[in-house]
Structure formats: structure tokens, C-alpha cells
Amino acid sequence: MNIVIFGNSGSGKTTLAKKFVKTYNLAHLDLDILAWKNVIPIQRKDIDQSRKLINEFIKIHDKWVIEGCYSVLISLVLYRVNTMYFLVPGYQSCINNCKNRGWEPHKYTSPEHQNKNLEFLIKWIKQYDIRSDEFSLKAHQKIYNDFQGVKFKCNSLISYPLAKHPSY
């Protein structure tokens, strides 16, 4: 069982991934962990570095869930995915989730550091529908449309079909 989850920041990707991890004992890869260099100011790793790390993860784990908002990185694993979740709860839900999420120590050095980024993140979330980058609704919709396997487009936490797929 190999699952990919993607959507806007705050859409519930990590929350859903953790449910799969707990329910089906899957390995979990948050693409935020391997997409960025550990430098200030922050910089993206080049695609080949990220590809290598993703491939290492896939070689180690037979069953996994990978989640993130990076269309370019998600496209690297689609050949191994049997189920896709595209989360589109709307930007207000995404903003509320970001405001209410706990500290993410794997992304931020402190809760204060995370909170300093919140204003920027909210602005970025609101631009999801109008951006044309790899993090945009347009890029995510293309991945969803092109995928030929089992796929779900979900607009609320309640609609995420966690255990309805026959291969689980």
C-alpha cells in the first residue's frame, strides 16, 4: 500500500497521513523534511538531491504514505502510488488549521519561530487558487487529473475516506 497526499498548506495532509500510519502501520515521509536546505535564508534543495532522498525512503519501506504540497516531488513517486488523496478544504479551513496546529519541531526551531512565519503562511495560503507554481491549485489539479489509479478529492476532514478502499 503506497499513498500520496497533497494539497494546500494547512489542508490536513499531515493529519491524514498520521491516521494512515496509525491504522495501517505505514512509514511516513513529510516532503517538507527533504525539500529544503538547512540554511538561512531558506533555500530549496535541487531536485536531484530530493529525488535521491525520496528513492532511499522508498527502498527502505515497502508500505508508505508520502505527503506534501510539492507537485514536482510528488510526480517523482506516482509510478509507485496506488492511492491518491487531493485535499481541498478551502483556504479558510487551511488558515484555521495553521493557526491551531501545534509546534512542528521538525520544521521550526521553536514555537516562536513558527508563529513568526504564520502571517506569511496565511498570505501564501490565500494565493493558492491564483498562483501558478508547483504549490498551486492548478499544479495539484493536474496531478490529480492525470493520475490513473484510485484517487479521492476531499474537501473536509469528514470526507477523507480512510478505510473505504478495498486494498486496505
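Up top is the structure.
Notes on the structure follow.

Cut-offs applied
Residues numbered from 1 in each chain as written. Predicted model: local features only at pLDDT ≥ 70, side-chain atom pairs only at ≥ 80, totals over all residues. Heavy atoms only, no water. Helix = DSSP H or I, 4+ residues; strand = E, 2+ residues; numbered from the N terminus. Buried < 20%, exposed > 50% of the residue type's maximum accessible area, 1.4 Å probe, protein only. Pairing = 2+ DSSP bridges. Salt bridge = Lys/Arg side-chain N within 4 Å of Asp/Glu carboxyl O. Axes fitted to C-alpha atoms, helices over the stretch in contact; angles between N-to-C directions. Parallel < 35°, antiparallel > 145°, perpendicular 65-115°, else oblique. Left-handed = near helix turned anticlockwise from the far one by under 90°. Contact = heavy atoms within 4.5 Å. Nonpolar A, V, L, I, M, F, W, Y, C, P; charged D, E, K, R; others polar. Core = buried A, V, L, I, M, F, W, Y, C linked by side-chain atoms within 4.5 Å. Expected span 1.5 Å × (residues − 1).

Some details on unusual backbone geometry
It is generally the case that most residues other than glycine have a negative phi and that most peptide bonds are trans. With phi around 55°, Asn25 is a residue other than glycine that occupies positive phi space. For Asn25, the location among the structural elements is in the loop between helix H1 (13-24) and strand E2 (27-30).

Regarding the pairing of strand E3 (residues 64-68)
Among the 5 residues in E3, 5 count as buried, and that is most of the element. Judged by which residues are buried, E3 turns out to be covered on both faces: Trp64, Ile66 and Gly68 on one side and Val65 and Glu67 on the other are all buried. Examined bridge by bridge, strand E1 (residues 2-7) and E3 share 5 bridges and lie parallel to one another. Within the sheet, the bridge partner assigned to Ile5 lies in E3 and is Glu67. By the bridge criterion, 4 bridges tie E2 to E3 in an arrangement that is parallel. Bridge pairing in E3 links Ala27 to Trp64.

Things to note about the pattern of salt bridges
A complete count under the given rule lists 5 salt bridges for this structure. The partner of Arg44 in a salt bridge is Glu134, and the shortest N-O contact between them spans 2.6 Å. Taken together, the residues Arg44 in the loop between helix H2 (32-35) and helix H3 (47-60) and Glu134 in the loop between helix H7 (118-126) and helix H8 (137-146) connect sequence positions 90 residues apart. Here Asp48 ties to Arg51 by a salt bridge, and the two come within 3.4 Å at their closest N and O atoms. On the criterion of helical spacing, the pair formed by Asp48 and Arg51 is a turn pair, its members being 3 residues apart in helix H3. Among the residues examined, Arg51 registers a relative accessible area of 33% and is labelled partly exposed.

Focus on the packing of helix H5 (residues 91-100) against H7
Contact pair H5 / H7: the axes reach a minimum separation of 9 Å and the direction vectors enclose 165°. Between H5 and H7, the interaxial angle falls into the category roughly antiparallel. Pair H5 / H7 crosses with right-handed handedness. Contact residues: Tyr91, Cys94, Ile95, Cys98 and Lys99 in H5; Leu118, Leu121, Ile122, Ile125 and Lys126 in H7. Grouping the constituent residues of the contact of H5 with H7 by class yields 8 nonpolar, no polar and 2 charged.

Things to note about the nonpolar core
Counting 34 residues, the largest nonpolar core has Leu31, Ile54, Trp64, Ile66, Leu73, Leu78 and Met84 as its most contacted members. For this core, the leading source of residues is H7, giving 4 residues. Leave out the neighbours within four places in its chain, and Ile66 touches Ile3, Val4, Ile5, Leu29, Leu31, Phe57, Ile58 and Val77.

Notes on the sheet that holds strand E4 (residues 83-87)
Taken together, the 5 strands give an open sheet; going across it, the order is E2-E3-E1-E4-E5, and neighbouring strands pair in parallel fashion. Since the sheet does not close on itself, it has two edges, and those belong to E2 and strand E5 (150-154), each with one partner. Strand-to-strand twist in this sheet, taken as the mean axis angle between neighbours without regard to direction, amounts to 15°. Its contacts with the sheet put H8 on E1, E4 and E5, and the angle it makes with E4 is roughly 155°.

Focus: H1
Taking 1.5 Å of rise per residue, 12 residues should cover 16 Å, and H1 covers 16 Å from first to last C-alpha, within 8% of that figure. Contacts made by the buried residues of H1 are with E1, E2, E3 and E4. Looking one or two places after H1, you find Asn25, whose phi comes out positive at around 55°.

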